[in-house]
Amino acid sequence: MWSRCSLGALRTHRYPYLLTPAFAQTVRFSSGTTATMDAIKTRTVDTTERLAKLRELLKKPDNNVKVFIVPSEDQHFSEYPAHSDERRAFISGFNGSAGCAIITLRDAFLFTDGRYFLQASEQLDSNWKLMKQGLPDVPTWQEFLSKHLEQGTRIGIDPTLISAVDAESLQKSLEPRGSELVSLQQNPVDIVWGKDRPPCPHNSVFPLDVKYAGESFQDKLQRLREEITKKNAVASVVTLLDEVAWLFNLRGTDIDFNPVFFAYAVVTPTKAILFMNDAQVQQSIKTFLGSDVEIRPYESFIPSLRQLTATLGASKDKPMLLGDKTSLAVVEAIGQENAVLIPSPVAAMKAIKNETEIEGFRKCHIRDGAALIRYFAWLEEQLKEGVELNESQAAAKLEEFRSELDLFRGLSFTTISSTGPNAAVIHYSPDPDDCAIIRKDQIYLCDSGGQYLDGTTDVTRTLHFGTPTNEEKRAFTRVLQGHISIDTAVFPTGTSGYIIDSFARRALWQEGWDYRHGTGHGVGHFLNVHEGPHGIGTRIVYNSTPLKAGMTVSNEPGYYADGRYGIRTESVVIVREADTPNNFGNGYLCFEHVTMCPIQTKLIDFSVLTAQEKEWLNSYHAETLEKVGPLLRNDLRALQWLERECSPV
């Protein structure tokens, strides 16, 4: 049977339910590697012995496969898994959040996208070939399996780590070459990892008060039951951790930075069953859920599914509803003929924030802005006084400022504190044991965020504490113009983020520049900082989910000059109904920005900024000063910095 383990996050006693190690950005594997959520290690890991052991396991008669797939995700398809589920990071040495490892009996390939080209090239050792997905003539990992392997290849998979949708599509693509997917009884990476694999978490789970959630879990269950009835189904199976947490108004600390806990749920028209670890079922949880929810052990989920399928009479005509990210193992437990895979109704409900959640986003971003302003004012003063600070030390100071805020529960991801060429590594985070000194004569990019009971923040600001070059100013301004273009966009109801993505790139394209990441991702409410199903970007999947009023999304165009500097400007915006003079069609939508932190005018090339863009900038800075200024009355340095940075241009 497949087991699930994790290393619980280190915590202090300063905050109940703290999501991250206070003022510490690393958790060390006993194998000697250092990992953070998306952190870059400058040292590579020697994977020779690990790969040799893995290949011996693949050749054993019980497996008898020539290839093994190691995806990034866990059995809940979490973007950022618990440490024990970081199998791809362990076997390859690359610990970015996106990527897939393909190991054959002779070679090893790591597939990742443009956000991680530089990071992967630094972390992979000579055993691996980096496959830069998105570049010409570079296949996806799925295409590689179906077109670049010899005929009749048996390809090993862990059925808990591949979605049923992907497995079906992949198997069809393999059939012309006579190859096949083979579900292995035990994940061979876990065997290689052995005793060095981190233990399981049994961390605190706690209710989220309705004054923050804005809707009771009973009302959420009723809405889901209405969807079950509409689809003529007998039940809905919920497998993603953030969906379970949102549905039951519960939060946890099993995964660093993400306030979730390991659980599954099954909801029928008359019953709600929550599968979670016995050690986490405290009396407060039982009292909160009451008689509305039956709690069963996490380990009983698969056996219970088989039983419920029979008890509920699930069939082709009366199926069980499964989200399209559900694993192959879950579908096989129910039986493919008894299940329907659809876009998750819980994800769709969760994506549209209620007015309480929206107000929480506004308030937490104002408080968060105060911490950022205090940090940037402090950092500028330190550098002017000649104090030597490395990227990690600076990030720790920012966390200290955030930790003093009301309702703070931890960071929402590892802070990207990057100077000079490190800023060009899109998802860089400093290794405390080996990172750069922040210099006044270099670009400094800081991408950070906090988790608060009333919302989640994610903000990037790029600054220069000396004299920027003309090229840096030009690039910064083009990025800013793209940011403003998204912020001020008005678009018809039914428009997707795929359609408006080019708004953010148009100014960069005029210079022959671009960036290899999406323009925006959904943001959870005191949940995962990356949330679907919507987003703004060039991935065609974003075209399947139109933007709707109440959705939150980041606005983060950028530009990265490899080996020299990187620029990104990011704020969180909320989709709102637009008040237009006319109403052709079905109405129009716009964005409301909630992030409150100045954009450095020193870096702007005003020769290319339009009058309307200057007006937007002055308006944004006036709003930031008005909303955040009162929170800085006890920090004169920060208040003066804010007033200077918000001066009209």
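Residues numbered from 1 in each chain as written. Predicted model: local features only at pLDDT ≥ 70, side-chain atom pairs only at ≥ 80, totals over all residues. Heavy atoms only, no water.

1. Notes on the sheet that holds strand E22 (residues 459-464)
- Sheet architecture is open: three strands sit in the order E18-E19-E22, paired in antiparallel fashion. Across the chains shown, the open sheet's two edge strands, defined by having one partner strand only, are strand E18 (416-419) and E22. Ignoring which end each strand starts from, the neighbouring axes of this sheet average 10° apart.
- In terms of strand pairing, strand E19 (residues 443-448) meets E22 through six bridges, oriented antiparallel. (Pairing = 2+ DSSP bridges. Helix = DSSP H or I, 4+ residues; strand = E, 2+ residues; numbered from the N terminus. Axes fitted to C-alpha atoms, helices over the stretch in contact; angles between N-to-C directions.)

2. Looking at the nonpolar core
- Counting 73 residues, the largest nonpolar core has Tyr 375, Phe 376, Leu 379, Tyr 444 and Phe 591 as the members making the most contacts within it.
- Ranked by residues supplied to this core, first place goes to helix H14 (residues 355-384) with 12 residues. (Core = buried A, V, L, I, M, F, W, Y, C linked by side-chain atoms within 4.5 Å. Buried < 20%, exposed > 50% of the residue type's maximum accessible area, 1.4 Å probe, protein only.)

3. Some words on unusual backbone geometry
- In this structure, Pro 533 follows Gly 532 across a cis peptide bond, with omega equal to 5°.
- By the secondary structure assignment, Pro 533 is in strand E25 (residues 531-536).
- Even without glycine at this site, Phe 526 takes up a positive phi of about 45°.
- Turning to its location among the elements, Phe 526 is positioned in the loop between strand E24 (520-522) and E25.

4. Overview of the packing of aromatic side chains
- In this structure the tally under the stated criterion is 19 aromatic pairs.
- Relative to Phe 144, the ring of Phe 109 has its centre 4.6 Å away and its plane inclined at 50°; by these criteria the two rings are tilted. Here Phe 109, found in strand E5 (residues 108-112), pairs with Phe 144, found in helix H4 (residues 141-147); they are 35 residues apart in sequence, far enough to count as distant. The burial state of Phe 109 is the same as that of Phe 144; both residues are buried.
- Every member of this aromatic cluster is reached through a ring pair, and the members are Phe 262, Tyr 264, Phe 275, Tyr 298 and Phe 301.
- Its guanidinium or amino end placed over the ring of Tyr 452, Arg 367 lies 5.4 Å from that ring's centre, counting from NZ or CZ.
- If you follow Arg 505 out to its NZ or CZ, it ends over the ring of Tyr 515, 3.9 Å from the centre. (Phe/Tyr/Trp six-rings, centres within 6.5 Å; stacked < 30°, edge-to-face > 60°. Lys NZ or Arg CZ within 6 Å of the ring centre and 35° of its normal.)

5. Looking at the pairing of strand E13 (residues 272-276)
- Along E13, five of the five residues are buried, which leaves the element largely enclosed by surrounding structure.
- Both faces of E13 are covered, namely the face carrying Ala 272, Leu 274 and Met 276 and the face carrying Ile 273 and Phe 275.
- Judged from the five bridges that link them, strand E12 (residues 263-267) and E13 form a sheet pairing that is antiparallel. Looking at the pairing, Ala 263 lines up with Met 276 of E13.
- Hairpin connection from E12 to E13: four residues lie between these consecutive antiparallel strands.
- As judged from the four bridges shared by E13 and strand E14 (residues 294-297), these two strands associate in the parallel manner. In the sheet register, Phe 275 faces E14, and the bridge partner there is Arg 296.

6. Regarding the sheet that holds strand E21 (residues 455-456)
- Spatially, the three strands line up as an open sheet ordered E17-E20-E21, and their pairing is antiparallel. Edge positions in the sheet fall to strand E17 (408-411) and E21, since each has one partner strand and no second.
- Two elements, strand E20 (residues 450-452) and E21, share two bridges in a ladder whose sense is antiparallel. In the sheet register, Gln 451 faces E21, and the bridge partner there is Thr 456.
- Against the sheet, helix H15 (residues 391-403) makes contact with E17 and E20, and its axis sits at roughly 165° relative to E17, the strand it touches most. (Contact = heavy atoms within 4.5 Å.)

7. What to know about the pairing of strand E7 (residues 154-157)
- In terms of strand pairing, strand E3 (residues 67-71) meets E7 through two bridges, oriented parallel. Considered in E7, the bridge of Val 67 is made with Ile 155.
- Pairing analysis gives four bridges linking E7 to strand E8 (residues 180-183), with the strands arranged parallel. In the sheet register, Arg 154 faces E8, and the bridge partner there is Glu 180.
- On the question of chirality, the crossover connecting E7 to the parallel E8 by way of helix H5 (residues 164-174) is right-handed. (Right-handed = clockwise from strand over helix to strand, strands pointing away.)

8. Some words on the pattern of salt bridges
- The full count for this structure, using the stated rule, is 41 salt bridges.
- Across the pair Glu 227 and Lys 230 runs a salt bridge, and its minimum N-O distance is 3.6 Å. Of the two residues, Glu 227 and Lys 230 are both situated in helix H8 (residues 217-230); the distance of three residues between them amounts to about one turn of the helix.
- Judged by its relative accessible area of 62%, Lys 230 falls in the exposed class.
- Among the salt bridges present, the one from Arg 568 reaches Asp 447, with a minimum N-O distance of 2.9 Å. Of this pair, Arg 568 sits in strand E28 (residues 565-568) while Asp 447 sits in strand E19, and the two are 121 residues apart along the sequence. As far as burial versus exposure is concerned, Arg 568 and Asp 447 are alike and both buried. (Salt bridge = Lys/Arg side-chain N within 4 Å of Asp/Glu carboxyl O.)

9. Some remarks on the environment of Leu 105
- You can see Leu 105 is positioned in the loop between strand E4 (100-104) and E5.
- On a C-alpha basis, the gap between Leu 105 and Lys 59 in space is 8.3 Å, while along the polypeptide they are 46 residues apart.
- Sequence-distant contacts of Leu 105, that is, excluding residues within four places in its chain, are made with Arg 55, Leu 58, Lys 59, Val 65 and Lys 66.

10. Section: the confidence of the model for the protein chain
- The predicted model of the protein chain has a mean per-residue pLDDT of 92, with 94% of residues at 70 or higher.
- With pLDDT under 50 throughout, residues 1-16 is counted as low confidence; its partners more than four residues away or in other chains account for 55 contacts.
- Between residues 21-36, whose pLDDT stays under 50, and residues either more than four places distant or in other chains, the model counts 48 contacts. (pLDDT = per-residue confidence, 0-100.)

11. Examining the packing of H14 against H15
- Running from amino to carboxyl end, H14 crosses H15 at an angle of 140°, the nearest separation of the two axes being 9 Å. Relative to H15, the element H14 is oriented oblique. Here H14 runs over H15; the crossing is right-handed. Taken together, the residues of H15 that come into contact with H14 (itself represented by Asp 368, Ala 371, Leu 372, Arg 374, Tyr 375 and Trp 378) are Ala 394, Ala 395, Lys 397, Leu 398, Phe 401 and Arg 402.
- Class assignment for the residues of the contact of H14 with H15 results in eight nonpolar, no polar and four charged. (Parallel < 35°, antiparallel > 145°, perpendicular 65-115°, else oblique. Left-handed = near helix turned anticlockwise from the far one by under 90°. Nonpolar A, V, L, I, M, F, W, Y, C, P; charged D, E, K, R; others polar.)

12. A closer look at a nonpolar patch on the surface
- Together, Tyr 498, Ile 499 and Ile 540 line one region of the surface with nonpolar side chains, adding up to about 290 Å² of accessible area.
- Mapped onto the elements, Tyr 498 comes out in helix H17 (residues 497-509).
- Assessed through its relative accessible area of 32%, Tyr 498 is described here as partly exposed. (Patch = residues over 30% accessible without salt bridge, like charges linked within 9 Å, V, L, I, M, F, W, Y side chains within 5 Å. Areas by Shrake-Rupley, 256 points an atom, 1.4 Å probe, with all protein chains shown as cover.)

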